[in-house]
Amino acid sequence: MLNSEEAYALAKWIQNWKKTYKENPKLNECITWFEWRYKDKKISESEKSSIETILKYHSEE
């Protein structure tokens, strides 16, 4: 599960992506960013699910 700092950083990155590219990032782009940002962390299936949920939430804005 993502902690609040990770979730906030991801949400902010998604918003910046949308401002730059005028479209939502894909799930694999979010996962790639997350892996880059948190290099020492292995992403679990639960975290992938959390990333997908955050992306869906911010895609509706």
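Bear in mind that the values here come from a model prediction, so they are computed numbers and not experimental data.

Colleague: Now, about the pattern of salt bridges: what can you tell me, with residues and values included?
Modeller: Once the charged atoms of two side chains with opposite charge are near each other, the side chains can pair. Applying the stated rule across the entire model yields 2 salt bridges. The partner of K48 in a salt bridge is E45, with the nearest N and O atoms 3.7 Å apart. Residue K48 and its partner E45 are located together in helix α3 (residues 45-59), separated by 3 residues, close to a single helical turn. Look at K48 and you get partly exposed, because its relative accessible area is 30%. Between E52 and K56 there is a salt bridge, with the nearest N and O atoms lying 3.8 Å from each other. Of this pair, E52 and K56 both sit in helix α3, 4 residues apart, which is roughly one turn of the helix.

Colleague: Tell me about the nonpolar core, residues and numbers included.
Modeller: Membership of the largest hydrophobic core comes to 16 residues, with the highest contact counts inside it found for L10, W13, I14, C30, F34 and I51. At the level of secondary structure, the elements contributing two or more residues to this core comprise α1 (4-21), α2 (27-37) and α3. At 6 residues, the largest contribution of residues to this core is made by α1. The residues contacting F34, other than those within four sequence positions of it, are L2, E6, K41, I43 and I51.

Colleague: Please provide a residue-by-residue account of the packing of aromatic side chains, values included.
Modeller: Throughout the structure, instances matching the rule amount to 5 aromatic pairs. Ring centres of W13 and W17 lie 5.3 Å apart, and the angle between their planes is 50°; on these two criteria the pair is classed as tilted. Of this pair, W13 and W17 both sit in helix α1, 4 residues apart, roughly one helical turn. Look at W17 and you get buried, because its relative accessible area is 16%. Here W17 and Y21 contribute two aromatic rings whose centre-to-centre distance is 4.4 Å and whose plane-to-plane angle is 45°, an arrangement assigned as tilted. In this pair, W17 and Y21 both sit in helix α1, 4 residues apart, roughly one turn of the helix.

Colleague: Which residues make up the packing of α2 against α3, and what values do they have?
Modeller: The interhelical angle for the contact between α2 and α3, taken along N-to-C directions, is 120°, at an axis separation of 10 Å. Considering their axes alone, α2 and α3 lie oblique with respect to each other. Our pair here, α2 against α3, has a crossing hand that is right-handed. In contact with L27, C30, I31 and F34 of α2, α3 contributes K48, I51, E52 and L55.

Conventions used here
Residues numbered from 1 in each chain as written. Predicted model: local features only at pLDDT ≥ 70, side-chain atom pairs only at ≥ 80, totals over all residues. Heavy atoms only, no water. Salt bridge = Lys/Arg side-chain N within 4 Å of Asp/Glu carboxyl O. Helix = DSSP H or I, 4+ residues; strand = E, 2+ residues; numbered from the N terminus. Buried < 20%, exposed > 50% of the residue type's maximum accessible area, 1.4 Å probe, protein only. Core = buried A, V, L, I, M, F, W, Y, C linked by side-chain atoms within 4.5 Å. Contact = heavy atoms within 4.5 Å. Phe/Tyr/Trp six-rings, centres within 6.5 Å; stacked < 30°, edge-to-face > 60°. Axes fitted to C-alpha atoms, helices over the stretch in contact; angles between N-to-C directions. Parallel < 35°, antiparallel > 145°, perpendicular 65-115°, else oblique. Left-handed = near helix turned anticlockwise from the far one by under 90°.

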